[in-house]
Amino acid sequence: MDRANLNSQLEHLQSKYVGTGHADTSKYEWGVNQARDTYASYVGHYPMMSYFALAENESIARVKFNITEKMVQPCGPPPERRE
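Named according to an unreviewed UniProt entry, the chain is Splicing factor subunit originating from Linnemannia elongata AG-77. Per UniProt, the chain has the following entry under Sequence similarities (unreviewed entry): "Belongs to the SF3B5 family."

Structure, rendered in structure tokens:
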């Protein structure tokens, strides 16, 4: 009974939050979710953005733009799917 409850809770979390993955999540999908979550965290925290801007000698708006652009395909193009 304990295991069934744990599995149902895990399935609920996986349906509610995309980044938690599921049994059929590929390595590429997991990496994309992790990278996008990281970039979103960077953009959402102003001190991190100002640190990156200082380190790259760019404006904060330019760094935010560059990070947002990286979110489109953070791990490169998706691998070809096997049929």
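Moving on from the model shown.
A. Quick peek at the overall build of the chain. The helix and strand tally for the chain stands at four helices and zero strands. A globule of 83 residues ought to have a C-alpha radius of gyration of about 12 Å, yet the chain, at 17 Å, is considerably larger. Projected onto the principal axes, the alpha-carbon positions of the chain cover approximately 55 × 35 × 15 Å. Within the chain, residue pairs in contact and separated by at least 24 positions form 48% of the contacts whose partners lie at least 6 positions apart. Of the roughly 7100 Å² that the chain leaves accessible, carbon and sulfur atoms contribute 54%.

B. Just the packing of aromatic side chains, in detail. In total, this model carries three aromatic pairs according to the counting rule given. Pairing Tyr39 with Tyr42 gives two aromatic rings, centres 6.4 Å apart and planes at 55 degrees, and the pair type is tilted. In this pair, Tyr39 and Tyr42 both sit in helix α2 (residues 27-44), three residues apart, roughly one turn of the helix. A residue is classified by how much of its surface remains accessible, and Tyr39, at 18% relative accessible area, is buried. Accessibility expressed as a relative area gives 26% for Tyr42, which makes it partly exposed. An aromatic cluster is present here, built from Tyr39, Tyr42, Tyr51 and Phe52 joined pairwise through their rings.

C. View of the nonpolar core. Formed by Ala35, Tyr39, Met49, Phe52, Ala53, Val63 and Ile67, the largest nonpolar core amounts to seven residues. Listed by contribution, the elements that provide at least two residues to this core are α2, α3 (46-56) and α4 (60-70). The leading source of residues in this core is α3, at three residues. Setting aside anything within four residues of it in sequence, one finds Ile67 in contact with Tyr39, Tyr42, Val43, Met49 and Phe52.

D. Expanded view of the environment of Glu11. Tracing the backbone shows Glu11 in helix α1 (residues 2-16). Classification of Glu11 by relative accessible area gives exposed; the value is 55%. Between the C-alpha atom of Glu11 and that of Phe52, which follows or precedes it by 41 residues, the distance is 37 Å.

E. Summary view of unusual backbone geometry. A positive phi angle, near 55 degrees, is found at Asn57, a position not held by glycine. Looking at where Asn57 falls in the secondary structure, it is placed in the loop between α3 and α4.

Calculation rules
Residues numbered from 1 in each chain as written. Predicted model: local features only at pLDDT ≥ 70, side-chain atom pairs only at ≥ 80, totals over all residues. Heavy atoms only, no water. UniProt positions renumbered as here; feature names shortened; annotations may be inferred. Helix = DSSP H or I, 4+ residues; strand = E, 2+ residues; numbered from the N terminus. Rg over C-alpha atoms; globule rule 2.2 N^0.38 Å. Contact = heavy atoms within 4.5 Å. Areas by Shrake-Rupley, 256 points an atom, 1.4 Å probe, with all protein chains shown as cover. Phe/Tyr/Trp six-rings, centres within 6.5 Å; stacked < 30°, edge-to-face > 60°. Buried < 20%, exposed > 50% of the residue type's maximum accessible area, 1.4 Å probe, protein only. Core = buried A, V, L, I, M, F, W, Y, C linked by side-chain atoms within 4.5 Å.

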